[in-house]
Amino acid sequence: MTAGIKLYRVYYSTYSDDVHRSIVEELKKRFGAEVRDHGSRVVREFRFVEVLLDEPGREAEIEQVVKSRGDSVFGVKIEWVDTTR
């Protein structure tokens with residue numbers, strides 16, 4: 001049997017690759033966690049990252065990091081995923 005994982009899935013859109021890279025780097029730095037970057041193959045501006053952070057209740061902090069990059073980031077959604085239960 002495979003052990004489950006706990007992580008945050010973070011969805012957002014931005015037209016700027018530089019802004020996207022800065023978000024990924026800030027998430028790594030702020031939370032000291034691995035961040036997996038998944039790009040959309042259909043809509044280039046749609047971004048999806050996973051933050052491997054084993055602490056529920058951090059959605060507001062993650063959202064603040066993403067939205068702190070200004071008006072070029074929109075449509076932010078964050079989900080807590082726990083597959084250990």
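Throughout this document, residue positions are counted from 1 along each chain, in the order its sequence is written. Owing to the predicted nature of the model, reporting of local features is limited to residues with pLDDT of at least 70; listing and counting of side-chain atom pairs is limited to 80 or more, with chain, interface and lining totals taken over all residues. As a rule here, side-chain values come from all non-hydrogen atoms in the structure, and water together with hydrogens is ignored.

Caption draft 1: Seen up close, the pairing of strand S1 (residues 6–14). Type-normalised accessible area, obtained with a 1.4 Å probe on protein chains alone, sets the label of each residue: buried when under 20%, exposed when over 50%, and partly exposed for intermediate values. Per the convention used, a helix needs a DSSP run of H or I reaching at least four residues, while a strand needs a run of E reaching at least two, with both numbered from the N terminus. A large share of S1 lies buried, amounting to seven of its nine residues. Pairing analysis gives eight bridges linking S1 to strand S4 (residues 73–82), with the strands arranged antiparallel. In the strand pairing of S4, arginine 9 is matched with glutamate 79. Note: two strands are recorded as paired if DSSP finds a minimum of 2 bridges between them. Summarising the sheet, S1 and strand S3 (residues 46–52) pair through six bridges and their orientation is antiparallel. Looking across to S3, one finds that valine 10 is bridged to valine 49.

Caption draft 2: Region of the structure containing the environment of serine 16. Its place among the elements puts serine 16 in the loop between S1 and helix H1 (17–31). For serine 16, a relative accessible area of 22% puts it in the partly exposed group. C-alpha of serine 16 to C-alpha of glutamate 50: the two residues are 34 residues apart in sequence and 19 Å apart in space. Within the structure, serine 16 has its side chain in polar contact with the backbone nitrogen of valine 19 (distance 3.0 Å). Contacts described as polar in this section are N or O atom pairs within 3.5 Å, which, within protein, must combine one atom able to donate a hydrogen with one able to accept it, while residues neighboring in sequence count only if both atoms come from side chains.

Caption draft 3: Structural detail: the nonpolar core. Note on terminology: a nonpolar core comprises buried Ala, Val, Leu, Ile, Met, Phe, Trp, Tyr and Cys residues joined through side-chain atoms within 4.5 Å. Core analysis: the largest hydrophobic core is formed by 19 residues, its most contacted members being Val10, Tyr12, Leu27 and Val51. Taken together, the elements giving at least two residues each to this core come down to S1, H1, S3, helix H2 (59–67) and S4. Looking at this core, the element that brings in the most residues is H1, giving five residues. Note on contacts: a residue pair qualifies if any of its non-hydrogen atoms lie within 4.5 Å across the two residues. If sequence neighbours within four positions are ignored, valine 51 has contacts with Leu7, Tyr8, Val10, Leu27, Ala33, Glu34 and Val35.

Caption draft 4: A look at the packing of aromatic side chains. For Phe, Tyr and Trp, where Trp contributes only its six-membered ring, two rings pair if their centres lie within 6.5 Å, and the inter-plane angle classes them as stacked under 30 degrees, edge-to-face over 60, or tilted in between. Per the counting criterion, the structure on display carries four aromatic pairs. Centre to centre, the rings of tyrosine 8 and tryptophan 80 are 4.8 Å apart; their planes meet at 50 degrees, and the pair counts as tilted. Here tyrosine 8, found in strand S1, pairs with tryptophan 80, found in strand S4; they are 72 residues apart in sequence, far enough to count as distant. Judged by relative accessible area, which is 24%, tryptophan 80 ranks as partly exposed. An angle of 10 degrees between the planes, with centres 5.0 Å apart, marks the rings of tyrosine 11 and phenylalanine 48 as stacked. With tyrosine 11 in strand S1 and phenylalanine 48 in strand S3, this residue pair connects regions lying 37 residues apart in the sequence. Each member of the pair, tyrosine 11 together with phenylalanine 48, is buried.

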